[in-house]
Amino acid sequence: MDYQDYRHLLFEHRQNGVLLITINRPEVYNATNARLHLELAEIWRTVAKDEATKAVVITGAGKAFSAGGDLTMVTSNLDDITGVLRTGEEARSIVYNLLDLDKPVVSAINGVAVGAGLAVALTADISIMADTARFTDGHTRLGVASGDHAVMLWPLLCGMAKAKYYLLTSDFIDGTEAERIGLVSKCVPHAEVLDRALQVADRLAAGSQPSLRWTKRALNHWYKSAAPAFELSVVMEMFNFVERHDVEEGLTAIREKREPRFPSGEPEVSTGVSG
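Small disclaimer: the values here were computed from a predicted structure and weren't measured.

Novice: Got a minute to help me understand the pairing of strand 3 (residues 55-60) in this structure?
Specialist: For a regular strand, side-chain orientation follows a simple rule: the groups alternate between the two sheet faces. Among the six residues that make up strand 3, six are buried, leaving the element largely enclosed by the rest of the structure. Of the two faces of strand 3, the one lined by Ala55, Val57 and Thr59 and the one lined by Val56, Ile58 and Gly60 are each fully buried. The pairing of strand 2 (residues 18-23) with strand 3 spans six bridges and is parallel. Bridging from a neighbouring strand, leucine 19 pairs with valine 56 of strand 3. The handedness of the strand 2 to strand 3 crossover, carried by helix 1 (residues 34-49), is right-handed. As paired elements, strand 3 and strand 5 (residues 105-109) share three bridges and run parallel to each other. Across the sheet, isoleucine 58 pairs through a bridge with serine 107, a residue of strand 5.

Structure (structure tokens):
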């Protein structure tokens, strides 16, 4: 794909070889529909071919970075095994294509980040988060295994104890806490988040390109060493869509803005017969 092929990403080539990418569905808080999900996977291959770009900043239009998966896309996967498999492959590509891009990527997390958008925000090499922003890996709240990026990255970023707590509970994390536990590089006032990210990118674009890119490549082998766990998590997430009962309840609960009552979590009814 070339830049003109993207529908939901905006591009601004700035001075000094910095490319600003803006996720652009502000009317739905930049939620990822099927097309945007594909674009978040493919954009890193496009950037790799762009000789004019030395560093990237990615942010969201309006109030959000990206507010998770569009419910229409999620619902359609319940009845479309081909769509489930395609979504799983794209989820892998979002992470792997970003890791394989040698050029440094800085995320400017300006608002809520969930799902594939969060995968991009935290797989970026440097993450600058607004103090007012929040994110969650909300997979378990939907009724599926955490299958985007977190099983691979979070234990390395913040340790296993914190990773398990936040991935199992789906609690939201604000910018201050995310920086404190190591999930993001920096937390800054909301008004400064994009400027700070662009300043970092300008500095990287002016640096020694071979040394920066090869350092990134070497460091990313820490993540890639956890690839078997990541692969398993994607498969487990997609299997939850086939099992579907908990996902159906998770979707209903989100639409009704209430806590889910998962069928698998309901207490078993005793027959009153003892052995």
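Right, picking up where we left off after that structure.
Novice: Would you mind showing me how to read helix 12 (residues 245-256) here?
Specialist: For an α-helix, 3.6 residues make a turn, and residues three or four places apart therefore share a direction. A rise of 1.5 Å per residue sets the reference length of helix 12, with its twelve residues, at 16 Å; its end C-alpha atoms lie 17 Å apart and thus fit the reference within 8%. Asp246, Val247, Glu249, Gly250, Leu251 and Ala253 are the residues of helix 12 that are buried. Among the structural elements, helix 2 (71-76), helix 5 (139-142) and helix 11 (227-243) are those in contact with the buried residues of helix 12. Where helix 12 ends, the next residue or the one after it, lysine 257, has phi of about 55 degrees, a positive value.

Novice: Explain a nonpolar patch on the surface here, please?
Specialist: Together, Ile81, Leu85, Leu232, Val235, Met236, Phe239 and Val242 give the surface a local cluster of nonpolar side chains, amounting to about 690 Å² of exposed area. Elements represented by at least two residues in the nonpolar patch include exactly helix 3 (81-100) and helix 11. Looking at the nonpolar patch, the element that brings in the most residues is helix 11, giving five residues. Of note, valine 242 is situated in helix 11.

Novice: Whenever I open this one, the pattern of salt bridges confuses me. Can you help?
Specialist: A side chain with one charge can pair with a side chain of the opposite charge if their charged atoms come near. Tallied over the full model, the rule gives 16 salt bridges. Arginine 92 serves as the salt-bridge partner of glutamate 231, at 2.9 Å between the closest nitrogen and oxygen. In this pair, glutamate 231 sits in helix 11 while arginine 92 sits in helix 3, placing the two residues 139 residues apart along the sequence. Of the residues examined, arginine 92 reaches a relative accessible area of 21% and is grouped as partly exposed. Residue aspartate 100 is joined to lysine 224 by a salt bridge in which the shortest nitrogen-to-oxygen separation is 2.7 Å. One end of the pair, aspartate 100, is in helix 3; the other, lysine 224, is in helix 10 (residues 209-224), with 124 residues separating them in the sequence. For aspartate 100, a relative accessible area of 46% gives the class partly exposed.

Novice: Would you take a moment to explain the sheet that holds strand 6 (residues 113-114) for this structure?
Specialist: Each strand in a sheet pairs with its neighbour through backbone hydrogen bonds, running either in the same direction (parallel) or in the opposite one (antiparallel). Ordered in space as 4-6-8-9, the four strands form an open sheet in which the pairing is mixed. Of all strands in the sheet, those with a lone pairing partner are strand 4 (66-67) and strand 9 (173-174), marking the two edges. Looking at chain direction, strand 4 and strand 6 are connected through two bridges and run parallel. If you follow serine 66 over to strand 6, its bridge partner there is alanine 113.

Novice: Would you explain the packing of aromatic side chains in this entry?
Specialist: In the structure shown here, the tally under the stated rule is five aromatic pairs. Cluster of aromatic residues (ring-pair linked, three or more members): Tyr3, Tyr6 and Phe11. If you follow arginine 134 out to its NZ or CZ, it ends over the ring of phenylalanine 172, 4.0 Å from the centre.

Novice: Honestly, the side chain of glutamate 90 in this entry has me stumped. Any pointers?
Specialist: Along the polypeptide, glutamate 90 turns up in helix 3. Buried charge without a partner: glutamate 90 forms no salt bridge, and the closest opposite charge is arginine 86, 4.3 Å away. In terms of polar contacts, glutamate 90 uses its side chain to reach the side chain of histidine 37, at 2.7 Å. In this view, glutamate 90 contacts Ala34, His37, Leu38 and Ala41; residues no more than four positions away in its chain are not counted.

So, how was this worked out
- Residues numbered from 1 in each chain as written.
- Predicted model: local features only at pLDDT ≥ 70, side-chain atom pairs only at ≥ 80, totals over all residues.
- Heavy atoms only, no water.
- Buried < 20%, exposed > 50% of the residue type's maximum accessible area, 1.4 Å probe, protein only.
- Helix = DSSP H or I, 4+ residues; strand = E, 2+ residues; numbered from the N terminus.
- Pairing = 2+ DSSP bridges.
- Right-handed = clockwise from strand over helix to strand, strands pointing away.
- Expected span 1.5 Å × (residues − 1).
- Contact = heavy atoms within 4.5 Å.
- Patch = residues over 30% accessible without salt bridge, like charges linked within 9 Å, V, L, I, M, F, W, Y side chains within 5 Å.
- Areas by Shrake-Rupley, 256 points an atom, 1.4 Å probe, with all protein chains shown as cover.
- Salt bridge = Lys/Arg side-chain N within 4 Å of Asp/Glu carboxyl O.
- Phe/Tyr/Trp six-rings, centres within 6.5 Å; stacked < 30°, edge-to-face > 60°.
- Lys NZ or Arg CZ within 6 Å of the ring centre and 35° of its normal.
- Lys, Arg positive; Asp, Glu negative; His and termini not counted.
- Polar contact = N/O pair within 3.5 Å; in protein donor to acceptor, adjacent residues only side chain to side chain.

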